[in-house]
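This is what each chain is made of:
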Amino acid sequence: MPTITVDKAALFKELGREYTTEEFDDLCFEFGIELDEDTTDSDRPIVDGKQEPPQLKIEIPANRYDLLCFEGIALMLNIFLQRKSLPHYKLVEPANGQLQEIIVKEDTTKIRPYVSGAILRGVKFDQARYASFIALQDKLHQNLARQRTLVSIGTHDLDTVQGPFTYEALAPKDIKFVPLNQSKEMNGEELMTFYEKHQQLGKFLHIIRDSPVYPVIYDSKRTVCSLPPIINGDHSKITLNTTNVFIEITALDRTKLEIVNRMMVTMFAEYTSEPFTIEPVKIVSEHNNETRITPDLAPRTTQAEISYINACCGLNLTADEICKLLTKMAFSAKPSTTNPDLIDVSIPPTRADVLHQCDIMEDVAIAYGFNSLPRAFPNISGTIAQPLPINKLSDIIRVEAAMAGWSEVLPLILCSHDENFAWLNRKDDGNTVVKLANPKTAEFQVVRSTLLPGLLKTIRENKHHTVPMKIFEVSDVAFKDLSLERKSRNERHFAAAWYGKTSGFEVVHGLMDRVMAMLRSDYITGEEEVKALPGSDSQYFIKELDDPTYFPGHSASIHVRVDGKEHVIGSFGILHPTVLEKYELKYPVTTLEINIEPFL
């Protein structure tokens, strides 16, 4: 979970009273966050000749983006303590009635297609507010934005640039500007070389470095505002004297783009000349007919069932009581006029974490008090979990394999590219495996597309133990799938490996037959068309397989017929000697791997 450091005295001043460490720890628990450390009695560093003031280090849930800064924590705790109500955030037009515009060029679809913006007018910065403003950007970049790969934020002194702005994608050599806190003008290629060993920025260069075009934002005078997601221009940098802040945000994910925009403006709108007002920016995107006004601060509306909330919490609250509790968590709620079992809930722009009525139920429980909930519910609780079908099937196979005398192992889901391909005598077609964009070590380059590397590495690290060694794993592998929103999919596999002085082929074959029998699948020769026996759901057969992973003539593919459809679900065989050599194994290894999802 993210840890946020706030000034202790400043936070207690905002909360209207002093707390002991124990009292504030209790308040954090009641609100659903955790006090990690109070540095009052610690050896604090010396800053500018003075000892750093006491700090509070607070752990917050990863999805509570509204708590990633001092302003958010102070506001939400004050609402929880019923000292304040949620502010009404307003979009206001500039005095001249002309909105600033960001004009989006079509070429940006090649690199980073989405952009959003907003303006905070009349901001009053001091050192603490400025530091908090910068820290929020950094936390959002680390958390929601996944190290700037999905979203990146640029903030500028609006008085140093002039709109309308343009969002373009140009060749690296055609982009020239003075980067933030530098004095020398550079083009895109020179900038990449200059920052490749930079402690902070070097880790972000890979995001666009190999692209033929880089994203860039210009003002009307062709002054570069930023080169997202790497660095802003020095010309428009914000300082303590900045009063009008222009925020531009670029992204690969439109949903996260708008969440980040809302978080930035709602957290710091209290410092504007007219508190809690935001000046919108018009995004002009004619090439795809997506011209719009950002940010959208309208509350989302949803409904929650009173019976569901009471069942999950073991309570018997009325609609009015639930609505009153929800105000402590920054919601606006009222009983539904159409159904007595429903409440209408208005979700503020600060609460991007609310996706389902279970989130509302959780906030009702927090507002009621976890320590006040009954220890035992008199009725059947709505919180009793049911396993997903794929997990239930996995557990059944685990038990069956363990009862057959095999030991379960749990290797890492990441491995090197060679372990997943070359060491198994397989080739990467470039469209199958999910690769990490910036792996920390060679061992964590890809998400495995087979369970075999993990099994073989486990044997390698334990080969001093007595043989034969019989291990198995039931877990996920991942594949690219551009048809899905997340561009990848998981697939649940079962794999086993025998390591010993003999091949153990017949033992692995027997394990496969036992698992297939347990899955109620009948063995057939493959050519015959027979009805499944009573009590069985499918049929399976094997065919000789020519696969360089296995020793020639000693492997087979596994085929299953389910509901009249044939699936190739996996293979088994004796591994090729070159595979054993790569994994430093001196005895034969026979492996089995199948996809168990067709049996759901």
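Since the structure is predicted, the reported quantities are computational estimates derived from the model, not experimental observations.

1. Notes on the overall build of the protein chain
Right, on to step 1. Of the regular secondary structure elements, the protein chain holds 14 helices and 32 strands.
Right, on to step 2. Principal-axis analysis of the C-alpha atoms places the extent of the protein chain at approximately 80 × 70 × 55 Å.
Right, on to step 3. The buried share of the protein chain, taken over its 600 residues, is 50%.
Right, on to step 4. In the structure as shown, the protein chain presents an accessible area of about 29,400 Å², 50% of it carried by carbon and sulfur atoms.
Right, on to step 5. One way to put it: in the protein chain the 64 positive side-chain charges average out to a point 2 Å from where the 84 negative ones average out.

2. Focus on the pattern of salt bridges
Right, on to step 1. Applying the stated rule across the entire model yields 29 salt bridges.
Right, on to step 2. For K110, the salt bridge goes to D107, with nearest N and O atoms at 3.7 Å.
Right, on to step 3. A relative accessible area of 37% means that D107 is categorised as partly exposed.
Right, on to step 4. For D353, the salt bridge goes to R351, with nearest N and O atoms at 2.8 Å. There is no split in this pair, since D353 and R351 are both buried.
Right, on to step 5. Members of the salt-bridge network, linked through shared partners, are R64, D66, R351, D353 and D363.

3. Describing helix α12 (residues 452–461)
Right, on to step 1. Burial of α12 is extensive: nine of the ten residues sit out of reach of the surface.
Right, on to step 2. All buried positions along α12 are accounted for by L452, P453, G454, L455, L456, K457, T458, I459 and R460.

4. Let's talk about the packing of helix α2 (residues 21–31) against helix α3 (residues 70–80)
Right, on to step 1. The contact between α2 and α3 brings their axes to 11 Å, and the two run at 80 degrees. What the angle tells us is that α2 and α3 run roughly perpendicular. Residues F24, L27, E30 and F31 of α2 touch α3, and the partners they reach there are M76, L77 and F80.
Right, on to step 2. Classifying every residue of the contact of α2 with α3 by side-chain character gives six nonpolar, no polar and one charged.

5. Some details on the packing of aromatic side chains
Right, on to step 1. Under the defined criterion, the tally for this structure stands at 17 aromatic pairs.
Right, on to step 2. Where F268 meets Y271, the ring centres are 6.0 Å apart and the plane angle is 55 degrees; that geometry is what we call tilted. No difference in accessibility class separates F268 from Y271, as the two residues are buried.
Right, on to step 3. One aromatic cluster is present, built from ring pairs that chain together F125, Y130, F133, F268 and Y271.

6. Brief notes about the sheet that holds strand β25 (residues 446–447)
Right, on to step 1. Pairing is antiparallel across the open sheet formed by three strands, whose spatial order is β23-β25-β24. For this open sheet the edge positions go to β23 (414–415) and β24 (434–435), each flanked by a neighbour on one side alone.
Right, on to step 2. In this sheet, β25 lies alongside β24 in antiparallel orientation, the contact comprising two bridges. Its bridge partner being in β25, K435 is matched across the sheet by V446.

7. Let's talk about the packing of helix α8 (residues 319–327) against helix α9 (residues 357–368)
Axis angle and axis distance: for two packed helices, these are the angle between their axes and the distance between the axes, and together they describe the pair.
Right, on to step 1. Closest axis-to-axis distance for the α8/α9 pair is 8 Å, and the angle between their directions is 85 degrees. Taken together, the axis directions place α8 and α9 in an arrangement best described as roughly perpendicular. Taken together, the residues of α9 that come into contact with α8 (itself represented by I322, L325 and L326) are I360, D363, V364, A367 and Y368.

8. Points about the pairing of strand β27 (residues 488–499)
Right, on to step 1. Most of β27 sits out of view: ten of its twelve residues are buried.
Right, on to step 2. As defined by bridge partners, strand β26 (residues 469–480) adjoins β27 across twelve bridges and the pair is classed as antiparallel. Bridge pairing links K480 to S488 in β27.
Right, on to step 3. Relative to strand β32 (residues 589–595), β27 runs antiparallel, the two being bridged by seven bridges. From the neighbouring strand, A497 faces β32, where its bridge partner is T591.

9. Points about the nonpolar core
Right, on to step 1. If you look at the biggest cluster of nonpolar residues, it comprises 84 residues, and the most contacted ones within it are L11, F24, I58, L140, I309, L326 and I343.
Right, on to step 2. If we skip the residues at most four places from it in the chain, I58 touches P2, T3, I4, V6, L11, F24, I33, E34, L35, D36 and I73.

Cut-offs and rules
Residues numbered from 1 in each chain as written. Predicted model: local features only at pLDDT ≥ 70, side-chain atom pairs only at ≥ 80, totals over all residues. Heavy atoms only, no water. Helix = DSSP H or I, 4+ residues; strand = E, 2+ residues; numbered from the N terminus. Buried < 20%, exposed > 50% of the residue type's maximum accessible area, 1.4 Å probe, protein only. Areas by Shrake-Rupley, 256 points an atom, 1.4 Å probe, with all protein chains shown as cover. Lys, Arg positive; Asp, Glu negative; His and termini not counted. Charge placed at Lys NZ, Arg CZ, Asp CG, Glu CD. Salt bridge = Lys/Arg side-chain N within 4 Å of Asp/Glu carboxyl O. Axes fitted to C-alpha atoms, helices over the stretch in contact; angles between N-to-C directions. Parallel < 35°, antiparallel > 145°, perpendicular 65-115°, else oblique. Contact = heavy atoms within 4.5 Å. Nonpolar A, V, L, I, M, F, W, Y, C, P; charged D, E, K, R; others polar. Phe/Tyr/Trp six-rings, centres within 6.5 Å; stacked < 30°, edge-to-face > 60°. Pairing = 2+ DSSP bridges. Core = buried A, V, L, I, M, F, W, Y, C linked by side-chain atoms within 4.5 Å.

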